[in-house]
Amino acid sequence: MDIRIGNGYDVHALAPDLPMWLGGIQIPSPTGFVAHSDGDVAIHALCDALLGCLALGDIGHLFPDTSDEWKGVDSKILLRKVMEIIAANGYRVGNVDITIALQKPKLAPHIAAMRATLAPLLGVSEDCVSVKATTTERLGFVGRCEGCEVWATALIIRK
Ligand code: MG
């Protein structure tokens, strides 16, 4: 196949006084993500979407949260490793689309920086990196500010 598509999904819980890394950047916030890595739930969903394109499992399998090697790791490093796998299989990224559900803080001021950070890691221009954010109108665990939920879709093209 010359093009392949994949989807990814991830959730992380929020807790006070932790850094909030999201889409490769740090967001000013009184709460951040509970995680073995830096907790960048957007990059995690994106990595799973990319791996899903090639039916290669998920990042939990590649980078186990039981391993000290990945403790506190910058998720951009995980994304780089996933991109090495995509390239080694003879593919490049076409485009990606990410939807982040978070009640607060508002992400609109940070979307451009996320796209600018992710695009070079994916080897594409910023117009091929869509990042969208929504609240859940105060409904569910996202609405209660207990966590963040992210869906990602990736399309890859044979080089
Ligand atoms: Mg995760």
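Residues numbered from 1 in each chain as written. Predicted model: local features only at pLDDT ≥ 70, side-chain atom pairs only at ≥ 80, totals over all residues. Heavy atoms only, no water.

## Regarding the sheet that holds strand β5 (residues 91–101)
Sheet strands line up and pair through hydrogen bonds in the backbone, either parallel or antiparallel. Defined as follows: At least two bridges found by DSSP between two strands is the condition for calling them paired. The helix count covers DSSP runs of H or I at least four residues long, the strand count covers runs of E at least two residues long, and both are numbered beginning at the N terminus. Here the axes come from fitting lines to C-alpha atoms, over the contacting stretch only for helices, and the angles between their N-to-C directions go from 0 to 180 degrees. Residue contacts are defined here by distance: any two heavy atoms, one from each residue, within 4.5 Å place the two residues in contact.
Ordered in space as β4-β1-β7-β5-β6, the five strands form an open sheet in which the pairing is mixed. At either end of the open sheet lies a strand with only one pairing partner, and these are β4 (31–33) and β6 (129–134). Each adjacent strand pair in this sheet contributes to an overall mean axis angle of 25 degrees, direction not counted. In terms of strand pairing, β5 meets β6 through six bridges, oriented parallel. Along β6, the bridge assignment pairs Thr 99 with Lys 132. Contacts from helix α1 (residues 41–53) reach β1 (3–16), β4, β5 and β7 (147–158), with the element oriented near 155 degrees to β1. Along the sheet face, helix α4 (residues 111–122) touches β5 and β6 and points at about 145 degrees away from the line of β6.

## A look at the environment of Ile 59
Rules: Under the scheme applied here, a residue whose accessible area is under 20% of the maximum for its type counts as buried, over 50% as exposed, and between as partly exposed, the area being computed with a 1.4 Å probe on protein chains only.
Inspection of the secondary structure assignment puts Ile 59 in helix α2 (residues 59–62). Of the residues examined, Ile 59 reaches a relative accessible area of 10% and is grouped as buried. Leave out the neighbours within four places in its chain, and Ile 59 touches His 44, Cys 47, Asp 48, Leu 51 and Val 82.

## A few points about the nonpolar core
We count it as follows: As used in this record, nonpolar core signifies buried Ala, Val, Leu, Ile, Met, Phe, Trp, Tyr and Cys residues forming a set joined through side-chain atoms within 4.5 Å.
Leu 22, Leu 50, Leu 79, Ile 100, Leu 118 and Leu 122 are the most contacted members of the largest nonpolar core, which has 47 residues in total. Going through the elements one at a time, β2 (20–22), β3 (25–27), α1, α3 (75–88), β5, α4, β6 and β7 are the ones with two or more residues in this core. When residues of this core are assigned to their parent elements, the largest contribution, ten residues, is made by α1. Among residues more than four places away in sequence, those in contact with Leu 122 are Leu 46, Leu 50, Leu 79, Met 83, Val 93, Val 96 and Val 129.

## Quick word on the coordination of the magnesium ion
Convention followed: Here the term donor refers to an N, O or S atom within 2.8 Å of the metal (or 3.2 Å for Na, K and Ca), and because water is left out of the atoms, sites may appear incomplete.
The coordination sphere of the magnesium ion, as far as protein atoms go, consists of Asp 10 (OD), His 12 (NE2) and His 44 (ND1), spread over 2.1 to 2.3 Å. One chain supplies every donor for the magnesium ion, spaced along it as D-x1-H-x31-H. Taken together, the residues Asp 10 in strand β1 and His 44 in helix α1 connect sequence positions 34 residues apart. Each member of the pair, Asp 10 as well as His 44, carries the same accessibility label: buried.

## Thoughts on the pattern of salt bridges
Applicable threshold: Whenever a carboxyl oxygen of Asp or Glu lies within 4 Å of a side-chain nitrogen of Lys or Arg, that contact is scored as a salt bridge.
Per the stated rule, a full pass over the model turns up four salt bridges. Note that Asp 97 and Lys 132 form a salt bridge whose closest N and O atoms lie 2.7 Å from each other. Of this pair, Asp 97 sits in strand β5 while Lys 132 sits in strand β6, placing them 35 residues apart in sequence. Here Asp 97 falls in the partly exposed class, since its relative accessible area comes to 30%. Under the relative-accessibility criterion, Lys 132 is labelled partly exposed at 35%.

## Brief notes about the layout of surface pockets
Rules: Put plainly, a pocket is an open set of points on a 1 Å grid over the protein atoms alone with protein on both sides within 12 Å along at least five of seven lines, a cavity is a set where a 1.4 Å probe fits but cannot get out, and a lining residue has an atom within 4 Å of a point. Grid points are joined across faces, edges and corners, and a volume is the space filled by probe spheres set on the points.
Its boundaries defined by the atoms lining it, the largest pocket holds a volume of some 250 Å³. Forming the boundary of the largest pocket are 16 residues, of which His 44, Ile 59, Gly 60, Phe 63 and Asp 65 lie nearest the centre. When contributions to the lining of the largest pocket are tallied by element, the ones reaching two or more residues are β1, α1 and α2. Looking at the lining of the largest pocket, the element that brings in the most residues is β1, giving three residues.

## Considerations on the packing of aromatic side chains
Rule in force here: Between rings of Phe, Tyr and Trp, where Trp is taken as its six-membered ring, a pair exists when centres lie within 6.5 Å; planes separated by under 30 degrees are stacked, by over 60 edge-to-face, and by other angles tilted.
This structure, assessed with the given rule, holds two aromatic pairs. An angle of 45 degrees between the planes, with centres 5.6 Å apart, marks the rings of Tyr 9 and Trp 151 as tilted. Pair noted here: Tyr 9 is in strand β1 and Trp 151 is in strand β7, with a separation of 142 residues, a long-range link. Residues Phe 63 and Trp 70 carry aromatic rings whose centres are separated by 4.8 Å and whose planes lie at 75 degrees to one another, so their mutual orientation is edge-to-face. Each member of the pair, Phe 63 as well as Trp 70, is classed as buried.

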